[in-house]
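# Remarks on the overall topology
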Amino acid sequence: MKTFYIETWGCQMNDLDSQRLSGSLKLRGLRRVDSELEADMILLNTCSIRDKSEQKVYSHLGRLRELKEERSELKIGVCGCVAQQEGERIIQRAPWVDFVMGPGNVGHLDAVLDREHAVAVDFPEDRRYDSLAIDRTSPTKAWVTIMEGCNKNCTFCIVPMTRGREVSRTFDEILDEVRVAVASGRVEIELLGQTVNAYRCHKSGRDFGALLGAVAEVEGVARLRFMTSHPAEVNDSMIAAMRDHENISRYLHLPVQSGSSRILRRMKRLYTRERYLEIVDRIREAIPEIHFSTDVIVGFPGETEEDFQETLSLIEQIRYGSLFAFKYSPRPGTPSLRIGEPVDDAVASERLNRLFELHEQHKRERLESYRGRVLPVLVEGPSKHDPAMFAGRTDDNWVVNFSGNPDTTLGSMLGVRIESAQHHTLRGEAV
Ligand code: 5AD
């Protein structure tokens, strides 16, 4: 039997694309292996959001050249956002690559494999999702794509180029996929989209809030999460759905990028600092214990110390439970390449450190606040650090490692008494 290996970089969308690729290859009769050396086909599912992602891919391809020289029947495919960004150039620079396939073509893998040296970097009208061919790796959790692409044009971001314009799936398709996932034991559903809350069913016109409600009501959905929301797309229907359904996680990843309205305008984020704070207030009013998480870019071209101070003060005001921050990284073809003065790298690094230091206190405070409480935890599997313990998640998306009855079933909901807070996680005992 022929074998394949997939290397995956990047976001959950990419992880899910790898599960879809894997599912299609298994349907073709291939077997998945854990090492490139054992594989008849190697797929690199790449990411181009930041840093020198192209270089990382080319250097990986450099290492694969030898394998290809030893075994000419080996097939090498480059998928994902670097594939979309580089296209034909990949085959020119690395002629030992057999095919290049962008994110719009994941559902068309068969057609790509049937062509010689395919470079498939279009966004076919009939983007296909074969829900049944997804090779889901978690026994308790399923990612479900509800929309793809992004119609925002944030000046720093390459995603509109690599994942194309927004396309939403229909309500019915999504609900069917959720039902199938739940029937196979995936009681936790995570809805995915680059701008997940811009979802709109193209048949019925129903919006994201309506979809959240409908998925939450599917029999057997123990927990519902979603990623990633754009602040400008938050509306009352989404907030009401989160407030009214107990099984919708009280966690919201709401990337702010900067606390300075001047920088937000240059980023084309479509909101000001004040507007973002208002949205957060409105959500907190409806869902007081919500765990907010965010993304921040430091050192965007032209960012001054005053701009950065505004970011710090916004973080201080909101006190996020989780925060991901990155130094601005110029991406090919993005408008920000032509904006403002670059910020010195040492200055950006120093800002990044100050930001993490501030956030650390907020995270600590939040984690410490759970000590002594009994929280409902959805059991996901054995703990990574200690296989005698279990790992699960709270309703507001903290990982909890806990000791409990060895017969504990995966996917069940348990009360766990929180004993201590680790760096990013909680520790406790099932009650
Ligand atoms: N430079 C740095 N960070 C970026 N992100 C997106 N594009 C860039 C870039 N060019 C960050 C944003 C986004 C997260 C997924 O990656 O913070 O929310």
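Residues numbered from 1 in each chain as written. Predicted model: local features only at pLDDT ≥ 70, side-chain atom pairs only at ≥ 80, totals over all residues. Heavy atoms only, no water.

Moving on, we come to empty space enclosed by the protein. Summed over the entire model, instances satisfying the criterion amount to two cavities of 30 Å³ or more. Approximately 40 Å³ is the volume attributed to the largest cavity. Together, Leu 16, Arg 20, Tyr 129, Asp 130, Ser 131, Ile 134, Thr 145, Arg 169 and Glu 177 line the largest cavity. When the residues that make up the lining of the largest cavity are grouped by side-chain class, the tally is three nonpolar, two polar and four charged. Estimates place the volume of the second largest cavity at around 30 Å³. (1 Å grid on protein atoms, 1.4 Å probe; cavity = no way out; pocket = protein on both sides within 12 Å on 5 of 7 lines; lining within 4 Å. Points joined across faces, edges and corners; volume = space filled by probe spheres on them. Nonpolar A, V, L, I, M, F, W, Y, C, P; charged D, E, K, R; others polar.)

Here the focus is the nonpolar core. In terms of nonpolar packing, the biggest core is built from 67 residues, with Ile 189, Leu 191, Leu 212, Phe 226 and Ile 283 touching the most fellow members. Counting residues per element, this core draws most heavily on helix 7 (residues 171–183), at six residues. Excluding residues within four positions of it along the chain, Ile 189 makes contact with Ala 142, Val 144, Val 178, Ala 181, Val 182, Val 215, Val 221, Arg 223, Leu 224 and Arg 225. Core analysis: the second largest hydrophobic core is formed by 22 residues, Ala 39, Ile 42, Val 57 and Leu 74 among them. (Core = buried A, V, L, I, M, F, W, Y, C linked by side-chain atoms within 4.5 Å. Buried < 20%, exposed > 50% of the residue type's maximum accessible area, 1.4 Å probe, protein only. Helix = DSSP H or I, 4+ residues; strand = E, 2+ residues; numbered from the N terminus. Contact = heavy atoms within 4.5 Å.)

All residues in the neighbourhood of the ligand are listed as Ile 49, Arg 50, Phe 156, Gln 257, Asp 295, Ile 297, Phe 326, Lys 327, Tyr 328, Ser 329 and Arg 331. Between the ligand and Phe 156 there is a distance of 3.0 Å, counted from a nitrogen atom to a backbone nitrogen or oxygen. A distance of 2.7 Å separates a nitrogen atom of the ligand from a polar backbone atom of Ser 329. For the ligand, whose unbound accessible area comes to 410 Å², protein coverage reaches 87%. Those elements giving two or more residues to the shell around the ligand turn out to be strand 13 (291–298) and strand 14 (322–327). Residue classes in the shell around the ligand are distributed as five nonpolar, two polar and four charged. (Near = heavy atom within 4 Å. Polar contact = N/O pair within 3.5 Å; in protein donor to acceptor, adjacent residues only side chain to side chain. Areas by Shrake-Rupley, 256 points an atom, 1.4 Å probe, with all protein chains shown as cover.)

At their nearest, the axes of helix 8 (residues 208–216) and helix 9 (residues 236–244) sit 7 Å apart, and the two run at 20 degrees to each other. Accordingly, the angle class assigned to the pair helix 8 and helix 9 is roughly parallel. Note on packing geometry: the crossing formed by helix 8 with helix 9 is left-handed. For the pair formed by helix 8 and helix 9, the contact residues are Phe 208, Gly 209, Ala 210, Leu 212 and Gly 213 on the first element and Ser 237, Met 238, Ala 241 and Met 242 on the second. Taken together, the residues of the contact of helix 8 with helix 9 sort by class into six nonpolar, three polar and no charged. (Axes fitted to C-alpha atoms, helices over the stretch in contact; angles between N-to-C directions. Parallel < 35°, antiparallel > 145°, perpendicular 65-115°, else oblique. Left-handed = near helix turned anticlockwise from the far one by under 90°.)

Right, let's get into the packing of aromatic side chains. Evaluation of the coordinates by the stated rule reveals six aromatic pairs. With centroids separated by 5.7 Å and ring planes inclined at 40 degrees, the aromatic side chains of Tyr 271 and Tyr 276 adopt a geometry described as tilted. We classify Tyr 271 as buried; its relative accessible area is 6%. On the basis of relative accessibility, which here comes to 0%, the residue Tyr 276 falls in the buried class. It is Arg 206 that lies over the ring of Phe 171; its NZ or CZ is 3.8 Å from the centre. (Phe/Tyr/Trp six-rings, centres within 6.5 Å; stacked < 30°, edge-to-face > 60°. Lys NZ or Arg CZ within 6 Å of the ring centre and 35° of its normal.)

Quick look at the sheet that holds strand 16 (residues 390–394) now. Strand order in this closed barrel of five strands is 15-16-17-19-18, and the pairing throughout is mixed. Adjacent strand axes in the sheet meet at a mean angle of 50 degrees when their direction is disregarded. Here strand 16 runs beside strand 17 (residues 399–403); their pairing, made up of four bridges, is antiparallel. By the bridge assignment for strand 17, Phe 390 is matched with Phe 402. (Pairing = 2+ DSSP bridges.)

According to the domain assignment, the protein contains domain 1 (3–120), domain 2 (137–368) and domain 3 (374–430). A separation of 26 Å is found between the C-alpha centroids of domain 2 and domain 3. Each partner contributes residues to the interface: domain 2 has 22 residues there, and domain 3 has 19 residues. Overall, the association of domain 2 and domain 3 removes approximately 1700 Å² of surface from exposure, summing both partners, and the carbon and sulfur fraction of that is 50%. By the criterion of area lost to domain 3, the three top residues of domain 2 are Thr 140, Arg 223 and Leu 367, representing 37% of everything that side buries. Scanning the region where domain 2 abuts domain 3 turns up two salt bridges. In this structure, Asp 396 and Arg 366 form a salt bridge, with 2.8 Å as the shortest nitrogen-oxygen distance. At the boundary of domain 2 and domain 3, one finds twelve residue pairs in polar contact (both at pLDDT 80 or more). Broken down by element, the residue count for the side of domain 2 that touches domain 3 peaks at six residues, all from helix 13 (residues 345–368). When grouped by side-chain class, the residues that make up the side of domain 2 that touches domain 3 number six nonpolar, five polar and eleven charged. (Domains from an automatic or database assignment. Buried area = accessible area lost by both parts, 1.4 Å probe. Salt bridge = Lys/Arg side-chain N within 4 Å of Asp/Glu carboxyl O.)

Before going further, it helps to spend a moment on the side chain of Gln 84. Mapped onto the elements of the fold, Gln 84 is located in helix 3 (residues 80–86). A relative accessible area of 12% places Gln 84 in the buried class. Within the structure, the side chain of Gln 84 is placed 2.7 Å from the backbone oxygen of Val 121, a separation counted as a polar contact. Excluding residues that lie within four positions of it along the chain, Gln 84 makes contacts with Gly 102, Pro 103, Val 121, Phe 123, Met 161 and Thr 162.

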